[in-house]
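# Structural characterization, general
Listed below are the residues making up each chain.
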Amino acid sequence: MLFLEKILRSKAAVWTLLVLPGLWPLWPIFVRPDPSVTADALKYLLHHFGFVACVVLAVVLAFTPLRVLWPKWGVAQAVNRHRRLVGVAAFVYAALHVTTHFVYEGGLDVSFIPDIFRAVVSKPFQLTGLIAFTILLLLAVTSPNAAIKWLGGKRWKNLHRLAYVAAGLVAYHQAAARKIFPLQVLWIFVPLALLEIARVWKQRQVGRVVPKAS
Amino acid sequence: MHIRTPKDWELPESAVTSESLYHLSKRRDFLKALGITAVALGARQAMGATAGFPTKLNPAFHDAALKPTAYDAITSYNNFYEFGTGKDEPRELANRGWKTDPWTVEISGLVDTPIKIEVNDMIGKVGGIEQRVYRFRCVEAWSMVIPWDGFQLSKLLALAGPKADAKFVKFYTFNDPKSAPGQREGNLEYPYVEGLRLDEAMHELSFIATGIYGKPIPNQNGAPLRLVVPWKYGFKNIKSIVKIELTAKQPRGTWEAMQAREYGFYANVNPTVDHPRWSQASERVIGGGLGGRQRTLMFNGYDKQVASLYAGMDLKKFY
Ligand code: HEM
């Protein structure tokens, strides 16, 4: 555990962990081409980036409950040093996903662009994606220290609670993207939901036993 | 007479199992009847239930402007939920012992002579196979161009003789959960069924495919025979057919039964009627690279041939 804790404290290690999933598609597309992937490589990228964005978002949201539930656990402390970095990574993968969507839907022909926008706003599954993406964008641009100062800690915190809204929207978006319900939505979001429930429960307990000093 | 030279995918006759030899002899009889000599047959029998029948492009069903999709993509990017919901899974999982040779098809219901027929006998009875190059448009908004080998569906139905009160044709896929992991999982209601109106089924474009690019159809594409109705979305093109039933009542397809708002009985390719979750106005061209997007054509480009089947119908309602 100590070893894991040490690794997770290092910024370089976390950067590496965050960048690797982005490089993964090079393997089935270029290194060892898989015809199931190269048949429509952009579609593969679209799904891959969407999936990674989802996982990274769920992971970063799990950090706080882990720390609240196990405050003495070194790993929970270690990962919480990187909250903002991991959060921004979720945004970057979401941005890659959305960009891929535009290239996928438009080819290299700009005359498709109006169609793409029409679909994004008229299809609920895509609209939820757009709202989630807008939230992540907002959180990413307000993540530098200067933004925290400018907003003030409390307002910043409230704003960043929108990440939970984004996660809910994304869970729906991901579930609706497939023709039949994808189980991956459950294994990404159910553990997160359980952690959140446990955290809220614990904070209430603590709040009850130790009344706030006035 | 068109004589094929052996291809690298073809096995020498000595490699063929005894069970297939039985069918081989039938193929040989059929080829002899066509005037193909034993020399031409040579060492060119292959694996696959329907291997060995000579095919020839039918120019009436070929548009020189169409660029066929690569064989690798056609056989690696498949929706065949019996073998998993991923596009890559059927290629893997349909080739782990699932037997498609020998294969028998039953034609029953409102017909003069219900029959059960082995697929090689079937090809003999309908007069052999030909190649047609068709557009293929999936409801998920991607498309391919596929050189199918096979025969016109109407010829097969004629073997049983639809009765006057038959109005629809219902197709059934095999049901064998032992061989098909998707059926074990129950990711859809099985067996997979699909249906056509009888006049759609009798249309000259409606086709039964037994091959792709002159090779027996691979398991992941629906061996040994599947439906191809090129003006409809791909899910209508039911794979690995074991039973065809003529009915008076409109059948309900598997996808329609599951989600009627998204998958209609007609499922005609129509760029003006969106899927609830995405637009059908354009499509991704498989193998088309970064610029691989094109506008979808009404009835997938077959409107001249099939529009009259739907004269007077509101296609927004009967999607
Ligand atoms: C403007 C915003 C967005 C648009 C237009 C969009 C569009 C799409 C589309 C078209 C699909 C695939 C549908 C198909 O399979 O055919 C998809 C899937 C998906 N998207 Fe998005 N998306 C957006 C934002 C997001 C965001 C912000 C996230 C996550 C943080 C996300 C995560 C996913 C996931 C996980 C999938 C499923 C991938 C899979 O099935 O493997 N999307 N999205």
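Residues numbered from 1 in each chain as written. Chains lettered and ligands numbered in written order. Predicted model: local features only at pLDDT ≥ 70, side-chain atom pairs only at ≥ 80, totals over all residues. Heavy atoms only, no water.

### Brief notes about the overall build of chain A
Looking only at helices and strands, one finds 13 helices and zero strands in chain A. Mapped from its N terminus to its C terminus, chain A presents α and β elements in the order α-α-α-α-α-α-α-α-α-α-α-α-α. Its C-alpha atoms put chain A at 65 × 40 × 40 Å along the principal axes. A total of 214 residues make up chain A; the buried ones form 45% of that total. Partitioning the contacts of chain A with sequence separation of at least 6, the portion at a separation of at least 24 is 66%. Carbon and sulfur atoms form 72% of the exposed surface of chain A, whose accessible area is close to 12,500 Å². Computing the positive centroid from 24 side-chain charges and the negative centroid from 7, chain A places the two 22 Å apart. (Helix = DSSP H or I, 4+ residues; strand = E, 2+ residues; numbered from the N terminus. Buried < 20%, exposed > 50% of the residue type's maximum accessible area, 1.4 Å probe, protein only. Contact = heavy atoms within 4.5 Å. Areas by Shrake-Rupley, 256 points an atom, 1.4 Å probe, with all protein chains shown as cover. Lys, Arg positive; Asp, Glu negative; His and termini not counted. Charge placed at Lys NZ, Arg CZ, Asp CG, Glu CD.)

### So, the sheet that holds strand β5 (residues 168-173) of chain B
Residues and elements named next belong to chain B. Pairing is mixed in the open sheet, where five strands are placed in the order β2-β1-β10-β5-β6. A single partner strand is all that each edge strand has here, and the edge strands are β2 (115-118) and β6 (193-197). Neighbour to neighbour, the strand axes of the sheet diverge by 20° on average, direction disregarded. Bridge analysis of β5 against strand β10 (residues 241-247) gives six bridges, and the strand direction is antiparallel. Within β10, the position partnered with Phe171 by the bridge is Ile244. (Pairing = 2+ DSSP bridges. Axes fitted to C-alpha atoms, helices over the stretch in contact; angles between N-to-C directions.)

### Digging into the coordination of the iron atom of the ligand
Residue and element names in this part refer to chain A. Distances from the iron atom of the ligand to its protein donors, His97 (NE2) and His173 (NE2), fall within 1.9 to 2.0 Å. In this structure, the iron atom of the ligand is surrounded by six donor atoms whose angles at the metal cover 87 to 180°, and the resulting shape is octahedral. Of the two residues, His97 sits in helix α7 (residues 83-106) while His173 sits in helix α12 (residues 162-177), which places them 76 residues apart along the sequence. (Donors = N, O, S within 2.8 Å, 3.2 Å for Na, K, Ca; no water. Tetrahedral: all angles 85-135°; square planar, octahedral: opposite > 155°, others 65-115°.)

### Quick look at the packing of helix α5 (residues 41-69) of chain A against α12(A)
Working note: a packed helix pair is described by the angle between its axes plus the distance between those axes. All names here are of chain A. For the pair α5 and α12, interaxial distance at closest approach is 11 Å and the crossing angle is 145°. Every pair of crossing elements has a handedness; the one defined by α5 and α12 is left-handed. Counted together, Phe51, Cys54, Leu57 and Leu61 of α5 and Ala163, Tyr164, Ala166, Ala167, Val170 and Gln174 of α12 form the full contact between these two elements. For the contact of α5 with α12, the class distribution of residues is nine nonpolar, one polar and no charged. (Left-handed = near helix turned anticlockwise from the far one by under 90°. Nonpolar A, V, L, I, M, F, W, Y, C, P; charged D, E, K, R; others polar.)

### Re the environment of Gln152(B)
All names here are of chain B. By secondary structure assignment, the location of Gln152 is in strand β4 (residues 142-152). With a relative accessible area of 17%, Gln152 lands in the buried category. Separated by 54 residues in sequence, Gln152 and Ser206 have C-alpha atoms that sit 6.0 Å apart. Among residues more than four places away in sequence, those in contact with Gln152 are Arg132, His203, Glu204, Ser206 and Phe207.

### A look at a nonpolar patch on the surface
Residues and elements named next belong to chain A. Side chains of Trp15, Val19, Leu20, Leu23, Leu26, Trp27, Phe30 and Val31 sit close together on the surface and give an oily, nonpolar patch of about 840 Å² of accessible area. Secondary structure elements with two or more residues in the nonpolar patch: α2 (11-23) and α3 (26-31). Overall, Leu23 belongs to the partly exposed group, its relative accessible area being 43%. (Patch = residues over 30% accessible without salt bridge, like charges linked within 9 Å, V, L, I, M, F, W, Y side chains within 5 Å. Salt bridge = Lys/Arg side-chain N within 4 Å of Asp/Glu carboxyl O.)

### Concerning the site of the ligand
Residues and elements named next belong to chain A. Taken together, 23 residues form the shell around the ligand, and within it Lys43, His47, His97, His173 and Arg178 come nearest. One of the side-chain N or O atoms of His47 is found 2.6 Å from an oxygen atom in the ligand. His97 is positioned such that a nitrogen or oxygen atom in its side chain is 2.8 Å from a nitrogen atom of the ligand. Listing elements by their share of the shell around the ligand, those giving two or more residues are α5, α7, α9 (124-141) and α12. In terms of residues, the shell around the ligand owes the most to one element, α5, which gives seven residues. Its residues assigned to classes, the shell around the ligand shows 13 nonpolar, eight polar and two charged. (Near = heavy atom within 4 Å. Polar contact = N/O pair within 3.5 Å; in protein donor to acceptor, adjacent residues only side chain to side chain.)

### Quick look at the environment of Ala171(A)
Within the secondary structure layout, Ala171(A) lies in helix α12. Along the primary structure Ala171(A) and Thr128(A) are separated by 43 residues, whereas in three dimensions their C-alpha atoms are 9.5 Å apart.

### Some points on empty space enclosed by the protein
Residues and elements named next belong to chain B. The final tally for this structure, using the stated rule, is five cavities of 30 Å³ or more. Estimated volume of the largest cavity: approximately 340 Å³. Lining of the largest cavity is provided by 26 residues; of these, Asn79, Phe80, Gly234, Phe235 and Lys239 occupy positions nearest its centre. The residue makeup of the lining of the largest cavity, split by class, is 16 nonpolar, six polar and four charged. (1 Å grid on protein atoms, 1.4 Å probe; cavity = no way out; pocket = protein on both sides within 12 Å on 5 of 7 lines; lining within 4 Å. Points joined across faces, edges and corners; volume = space filled by probe spheres on them.)

### Quick look at the packing of aromatic side chains
Residue and element names in this part refer to chain B. This model, assessed by the stated rule, comprises 25 aromatic pairs over all chains. Ring centres of Tyr77 and Trp142 lie 5.1 Å apart, and the angle between their planes is 75°; this geometry places the pair in the edge-to-face category. With a gap of 65 residues between them, Tyr77 in the loop between α3 (71-74) and α4 (89-93) and Trp142 in strand β4 connect regions that are remote in the sequence. Trp142 shares its class with Tyr77; the two are buried. (Phe/Tyr/Trp six-rings, centres within 6.5 Å; stacked < 30°, edge-to-face > 60°.)

### A short note on the nonpolar core
Counting 79 residues, the largest nonpolar core has Trp148(B), Leu153(B), Phe171(B), Leu227(B), Trp231(B) and Ile244(B) as its most contacted members. At five residues, the largest contribution of residues to this core is made by β4(B). With residues up to four places along the chain from it excluded, the contact list for Trp148(B) reads Glu130(B), Gln131(B), Arg132(B), Tyr134(B), Phe136(B), Phe207(B), Ala209(B), Gly211(B), Ile212(B), Ile217(B), Arg226(B) and Val228(B). Within the second largest apolar cluster, 50 residues are counted, among which are Leu45(A), Ala76(A), Ala95(A) and Ala171(A). (Core = buried A, V, L, I, M, F, W, Y, C linked by side-chain atoms within 4.5 Å.)

### What about the interface of chain B and chain A?
Between chain B and chain A, the contact holds 33 residues from the first and 24 residues from the second. Counting each side, the surface lost to burial between chain B and chain A is near 2,300 Å², with a carbon and sulfur contribution of 55%. For the pair chain B and chain A, the number of links is six salt bridges. Where Arg284(B) meets Asp40(A), a salt bridge forms, and the shortest distance between an N and an O atom there is 3.0 Å. In this assembly, chain B and chain A are joined by 14 residue pairs in polar contact (both at pLDDT 80 or more). For the side of chain B that touches chain A, the secondary-structure elements that each account for two or more residues are α3, α9 (254-258), β11 (282-285) and β12 (293-295) of chain B. The biggest single contributor to the side of chain B that touches chain A is β12(B), with three residues. (Buried area = accessible area lost by both parts, 1.4 Å probe.)

### Let's talk about helix α8 (residues 113-122) of chain A
The set of residues buried in α8(A) consists of Asp115(A), Ile116(A), Ala119(A) and Val120(A). For α8(A), the buried positions fall inside an angular range of 135° around the axis, keeping them on one side. Seen from the buried face of α8(A), the exposed residues on the opposite side, beyond 90 degrees, are Arg118(A) and Val121(A). The inward-facing, buried residues of α8(A) abut α7 and α9 of chain A together with β12 of chain B. (Arc of directions from axis to C-beta.)

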